[in-house]
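Spelled out from the first residue to the last, the chains are:
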Amino acid sequence: MCGIFGCVLHDGSQAAPLIHAALKRLEYRGYDSVGEVTIDGDKLTVKKDSGRLEEVHAKYDLDDLPGPVGVGHTRWATHGRPVYENSHPLVDCKSRIAVVHNGIIQNYLDIKRELESKGHHFQSRTDTEVVPHLVEDYLTQGMSLEEAFRKTVNRLEGAYAIVLTSTEQPKTILCARQESPLVLGIGEGEYYCGSDFAAFLPLTRKAVLLDEGEMAVLNPNGARILKLKNAAPVKRDPITITWDPESAKKQGFKHFMLKEIHEQAQSLRDALRTEQLYYDQFAKKIIEADKMFIVACGTSYHAGLVGSLALAKLAGINARVVVASEFSEEALDLVGPKSVILAISQSGETMDTLNAVRDARAKGATILSVLNVLGSTLMRLSTVYIDQNAGPEIGVASTKAFTSQIAVLLRLASTVGRRKGEVSAKEITELEAELHRVPALIQTILNTKIDEIRRIAEECDAASSICFLGRGVNVPTALEGRLKLLELSYVPAIAYPAGESKHGFIALIEEGFPVIFVAPKDETHKRIIGNIMEMKARGARVISIIEEGDEEIRNLSDRVVEIGESLPSLVTPLVYVVPMQLLAYYLSVIKGHDPDYPRNLAKSVTVE
Ligand code: F6R
């Protein structure tokens, strides 16, 4: 997730200060590097570097770029670490075309190879750089800039919002989108584009939405939209944005957490897009290792538990999951040069996880990591890493990072399984196909279940404690449901493997005690029904998250949240966790807390 802003202003105006101000409003979308380009007649000038906006500005004075047309970008790295060369804008061989991009171009390696064989010289390790070079290539074939851009974008596979400026047409900005967001702003003879309304809200409240598969041409004559496929013109009336600047950043959601819960359909698609070659590198190291440990904290630890189970089931790998702060006590003595440590951390800066990794490195272990922040300390300590591609997570309570971590870990387990031949190729292919169904299922929950979940939260408001129970791969889901709920609502919550609950926890149950069951229709179904009956018989108020049409559990429960379709067991945590994230969110709001900033917690825990 990156932030983009572009503007075409009146002759004589200067775009640079406006771009700077817009990037400030967009910084929440990414902040590991920043860059601007402006066009002044036949002069294209780029200023960019790694670091946050104000650091880069202090170094280069972003505001003195000349010209009325320009584009800015604040980056959340996906391809290529956040260093100068990989910062946007990226240019063609002759520095006549500059491009910024938000998203992932999946087939960039093929295009890059093709262009390199034609003599194009690449300066970065980004996927984005293929765009200016391909446009350049089409220009040399005699196409107009608009046609060259359209043809280029039609060759891209993946998710993108792309904005291009060029000295070829110095008063024009071209932009296009597929999956990644991009909106147009209509001023008084001035035109803007941005990743969201926040980008241009102080400049205009008139906006035009760009749909998937469309491009736009912005110049002093107006903003023209056309279909990428066939250049057919599209007529669309502007809408008026009434949001205040703060809610524009949250895209109309009341809190970042709610926005991030809603982003999960997209962040999962992005997580599933990571190239297979990274998984193959991981798999090789895991298969060669004599021991494997997974280390993480909090929510990432719960994702690790799912990952460990998947590795066992799909690949016959025994990966011991250790809470990072306990690693030196619990596992370090067992670590040696043939060990593999898989560290999972959204921020890549959690001190406990880094300490475990440093200790293991000192003993010669190979460090693999799953992380969401390129350039983080964890990335630098890792032998190989996989980027979750979830985009910045601002709400302190982790939501979209959790689901994308699980998606990465399931793909990893299936890759190891495939390479080891533990599970049939057919089974693995099926599992991978099911993973791709998850974003749509999550979207359905978000579209249809919110009111129901809010009502359940209201009914839980008076509870002095709440319990979460699950079995198998959904023990971690129950643990995660409980962590979300207690950290946001401050209600003491408990989570257990459902079967273990009768060995102690059941003593707490009295009339009306809320017990939440994570109960998909998988191989644990029969046994969890037994656990539900045990709780019900003692007066528990049973709330079950079930597969649609599961009459057996519905009849035993006081409330249910139904999940649309049947899924393979290993995939269920990705979907079944969403109602629990929403429950925690609404309970926090009902109690008058701020779910984005729960008390005593920090987004990145950089102390031991
Ligand atoms: C809970 C939460 C924390 C983090 C934990 C690890 O909602 O966000 O438990 O999961 O602090 O953080 P990372 O993944 O950044 O290492």
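In what follows, the structure referred to is the one given above.
Residues numbered from 1 in each chain as written. Predicted model: local features only at pLDDT ≥ 70, side-chain atom pairs only at ≥ 80, totals over all residues. Heavy atoms only, no water.

Q: Which residues make up the environment of S464, and what are the values?
A: Take S464: it is sitting in the loop between α16 (450–460) and β21 (466–470). Along the sequence, S464 and V577 sit 113 residues apart, while their C-alpha atoms lie 22 Å from each other. Those residues within four positions of S464 in sequence are excluded, and the remaining contacts are V491 and P492. (Helix = DSSP H or I, 4+ residues; strand = E, 2+ residues; numbered from the N terminus. Contact = heavy atoms within 4.5 Å.)

Q: Give me the lowdown on the sheet that holds strand β7 (residues 158–166), citing residues and values where you can.
A: Here seven strands make up an open sheet; going across it, the order is β5-β6-β7-β8-β12-β13-β14 and the pairing antiparallel. Because the sheet does not close on itself, it has two edges, and the strands there are β5 (90–91) and β14 (233–234). (Pairing = 2+ DSSP bridges.)

Q: Lay out the site of the ligand with the relevant residues and their values.
A: Surrounding the ligand, one finds 14 residues, the nearest of these being S300, S345, S347, T350 and E487. At 2.7 Å, a backbone N or O of Q346 approaches an oxygen atom of the ligand. Elements that contribute at least two residues to the shell around the ligand include exactly α10 (298–315) and α17 (474–489). Tallied by class, the residues present in the shell around the ligand amount to four nonpolar, eight polar and two charged. Each of two domains, domain 2 (253–435) and domain 3 (437–608), supplies a minimum of three residues to the shell around the ligand. (Near = heavy atom within 4 Å. Polar contact = N/O pair within 3.5 Å; in protein donor to acceptor, adjacent residues only side chain to side chain. Nonpolar A, V, L, I, M, F, W, Y, C, P; charged D, E, K, R; others polar. Domains from an automatic or database assignment.)

Q: Lay out the layout of surface pockets with the relevant residues and their values.
A: Of the volumes computed, that of the largest pocket is approximately 800 Å³. Every residue lining the largest pocket is counted, 35 residues in all, and those nearest its centre are E179, P181, Q251, E263 and Q266. Looking at the lining of the largest pocket, the elements that each hand over two or more residues are β6 (97–105), α7 (256–262) and α8 (264–272). Here the lining of the largest pocket takes five residues from α8, the largest share from any one element. Looking at the lining of the largest pocket, its residues break down into 12 nonpolar, 12 polar and 11 charged. (1 Å grid on protein atoms, 1.4 Å probe; cavity = no way out; pocket = protein on both sides within 12 Å on 5 of 7 lines; lining within 4 Å. Points joined across faces, edges and corners; volume = space filled by probe spheres on them.)

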